[in-house]
Structures are given as structure tokens and as C-alpha cells.
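For reference, the chains in residue letters:
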Amino acid sequence: MKKSICGLAALVTGLAVQPALADEITLSDADVGSEYTLMYDGFSDGSTIDGLTAKIRLTLTGISGNDYMFAYNVSNTTSAPVTGSRISGFAFNTDPTISAASSTGAFSYTTLNSTYPNGIGTVDVCFKDASTGSCAGGGGGGIELGGSGDGTLTLSFASPTDTLSLSDFYVRYQSITGVSGVTSASGAGTVSSTSGGSDVPEPGMLALFGVALIGLAINRRRAVVARGSLRPAYAMA
């Protein structure tokens, strides 16, 4: 029992330091109209690049048959010491597996199951500024430093799905200036806020839940000890 209580205490400690929102968005009919904000930090060769950042807002606008439809807004929030950058695309993974995709606006080209640079590997879908046939980038469009762009995207699946999960969010940076030896990079996104959807409990709430579990374990142990001390004398013979 003592080991169990110690294990619960360790779990509570771990929960308290987890981010408030997981890097996954789970969607269903109830989430139509909900907006999700993702913040991105750029990296290259395994190292974070200070100042290379981005923000994307995704809004679920509708679900029809096998399709989930979104509006998006991409902002290039890059700042010093980076003096220039261009966002040429963004990507994520889906569950269930996507079968087709289309998009409009600033990133009106799509590619499925393509390799993303900087050691990321294959992504399920990416949205790009040019028809390059790859998620690695190319073209000369996209969102320059300080700019933003809007559009819509549609994710299609082989059959109707009650829930959709989006995860592993990335952006592609090109035309980088002000960083020695780096002209292109990728950015990893985290969910920073949501106006709806399947919320992940705040760390404080998770910690309180863990404390309650510890309290129950301690009370149970005390009850077992108390019952043992009250056994009849003949039972001790």
C-alpha cells in the first residue's frame, strides 16, 4: 500500500507540470463553430530558432457526410533576431486516416502522405502556397514576416466519422534571413487556446484529482488497519 501511495504521489507531481492543453484536437458535431489557436516555434537540425514563430487559428465550420470543413488563418509572427521568413505551408496528422483534401486561399494546394523536412517524417496532409507535389515547400508565395493569410480547407474520409482527431501540427519556413547558416526550417505547434471542443483538464484540476486519489488510498489503508486491531480475541489465538 505504501508503494501505491508513493506511486500516486509521483503521478500527481507529473500531472502538475503538464501543459494545460494537449497537442491534439478532437472534433465532433458538437464542435461546429469552435475555434482553436496553435502557436509554433521554429527549429532546424534539432535546435530551436529564437524568434521564428507563427500562429494558426482553425475553426470547424461544418461536417457533411464524409467531410470536415474548416476556416483557417495563418500569421507569421516571426521577430528579432530573425529578420525575414516566409511560411510556405502547414501540416498535421489525422485519425482516422484522411482519404482526400482540398483548400482555398493563401494555401490552396494540398498533398497527402508526404515527407516533412527537419526529421519530422511523413505527415498525413499538408497545405501549401504552390503546386510542388511535396510538403517540403517551394514556390515563392506564402506568408511573409508580419503578414497573415486566410482560407478554407476540407478533409475527406472514406466513410462518415463521428469523431476526428488532429495532431502533430507543423509549419514550413523558407526565405529565412538573420540566422547564420539557416535559410529554411520547420515549426512545431502546440494548442494554446480553444473556444470549444474536447477540452483537456487544467493541470491544477488534474493535481486535485490526484490528491483525492491519495486521500482515498490513505483512508482505505487506515480502515484496513482499524479492522485488524478490532478482531475478537479468539481470532488472535
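The structure under discussion appears in the preceding block.
The notes below deal with the structure included here.

Criteria and cut-off values
- Residues numbered from 1 in each chain as written.
- Predicted model: local features only at pLDDT ≥ 70, side-chain atom pairs only at ≥ 80, totals over all residues.
- Heavy atoms only, no water.
- Helix = DSSP H or I, 4+ residues; strand = E, 2+ residues; numbered from the N terminus.
- Buried < 20%, exposed > 50% of the residue type's maximum accessible area, 1.4 Å probe, protein only.
- Contact = heavy atoms within 4.5 Å.
- Areas by Shrake-Rupley, 256 points an atom, 1.4 Å probe, with all protein chains shown as cover.
- Disulfide = S-S within 2.5 Å.
- Salt bridge = Lys/Arg side-chain N within 4 Å of Asp/Glu carboxyl O.
- Pairing = 2+ DSSP bridges.
- Core = buried A, V, L, I, M, F, W, Y, C linked by side-chain atoms within 4.5 Å.
- Patch = residues over 30% accessible without salt bridge, like charges linked within 9 Å, V, L, I, M, F, W, Y side chains within 5 Å.
- Lys, Arg positive; Asp, Glu negative; His and termini not counted.
- Charge placed at Lys NZ, Arg CZ, Asp CG, Glu CD.

1. Quick notes on the overall build of the protein chain
Helices and strands together make up the secondary structure of the protein chain, namely 3 helices and 12 strands. Burial analysis of the protein chain (237 residues in total) assigns 41% to the buried set. Intrachain contacts of the protein chain at a sequence separation of at least 6 include 70% that bridge at least 24 residues. When the accessible surface of the protein chain is summed, it comes to about 11800 Å², and 54% of that surface belongs to carbon and sulfur atoms.

2. With respect to the state of the cysteines
Within this structure, the stated rule accounts for 1 disulfide. Between the sulfur atoms of Cys126 and its disulfide mate Cys135 the distance is 2.0 Å. Where Cys126 bonds to Cys135 through sulfur, the torsion about that S-S bond is close to -90°, and the disulfide is left-handed. As far as the burial class goes, Cys126 and Cys135 line up, both buried.

3. Focus: the pattern of salt bridges
All chains considered together, the criterion is met by 2 salt bridges. Where Glu35 meets Arg57, a salt bridge forms, and the shortest distance between an N and an O atom there is 3.8 Å. One end of the pair, Glu35, is in strand β2 (residues 35-44); the other, Arg57, is in strand β3 (residues 47-64), with 22 residues separating them in the sequence. Under the relative-accessibility criterion, Arg57 is labelled partly exposed at 29%. Close ionic contact of Arg86 with Asp129 constitutes a salt bridge, the shortest N to O distance being 3.7 Å. Of this pair, Arg86 sits in strand β5 (residues 84-95) while Asp129 is found in the loop between β8 (121-128) and β9 (143-144), placing the two residues 43 residues apart along the sequence. Taken individually, Arg86 and Asp129 each receive the classification buried, so the pair is uniform in this respect.

4. Here's the deal with the pairing of strand β10 (residues 148-156)
Taken together, the 9 bridges between strand β4 (residues 67-76) and β10 define a ladder with antiparallel strand orientation. Each bridged residue has a counterpart across the sheet, and for Val74 the counterpart in β10 is Gly149. Alignment of strand β6 (residues 100-103) against β10, held across 4 bridges, turns out to be antiparallel. Bridge pairing in β10 places Ala101 opposite Leu155.

5. What about the nonpolar core?
Judged by nonpolar contacts, the single largest core of 37 residues is most densely connected at Leu27, Phe70, Phe90, Phe127, Leu155, Leu166 and Tyr173. When neighbours within four sequence positions are excluded, Leu27 is seen to be in contact with Tyr36, Leu60, Tyr68, Phe70, Asp162, Thr163, Leu164 and Leu166.

6. Quick notes on a negative patch on the surface
A cluster of acidic side chains, namely Asp23, Glu24, Asp95 and Asp168, defines a negative patch on the protein surface. Looking at where Asp95 falls in the secondary structure, it is placed in strand β5.

7. Considerations on the side chain of Arg172
Along the polypeptide, Arg172 turns up in strand β11 (residues 164-177). Once residues within four sequence positions are removed from consideration, Arg172 is found in contact with Arg86, Ile87, Ser88, Gly89, Tyr116, Pro117, Asn118, Ala136, Ser184, Ala185 and Ser186.

8. A short note on the side chain of Thr37
Its place among the elements puts Thr37 in strand β2. Take Thr37: its relative accessible area is 10%, and that puts it in the buried class. Excluding anything up to four places from it in sequence, Thr37 contacts Lys55, Ile56, Arg57, Thr190, Val191, Ser192 and Ser193.

9. A look at unusual backbone geometry
Most peptide bonds are trans, and most residues other than glycine sit at a negative phi. The amide bond that connects Ala80 to the next residue, Pro81, takes the cis arrangement and shows omega of 15°. The omega torsion of the bond from Asp95 to Pro96 falls at 10°, within 30 degrees of zero and hence cis. Looking at the secondary structure, you find Pro96 in the loop between β5 and β6. Non-glycine residue Asn113 carries a positive phi angle of around 50°. Mapped onto the elements of the fold, Asn113 is located in strand β7 (residues 109-116). With phi around 55°, Ser175 is a residue other than glycine that occupies positive phi space. Within the secondary structure, Ser175 is located in strand β11.

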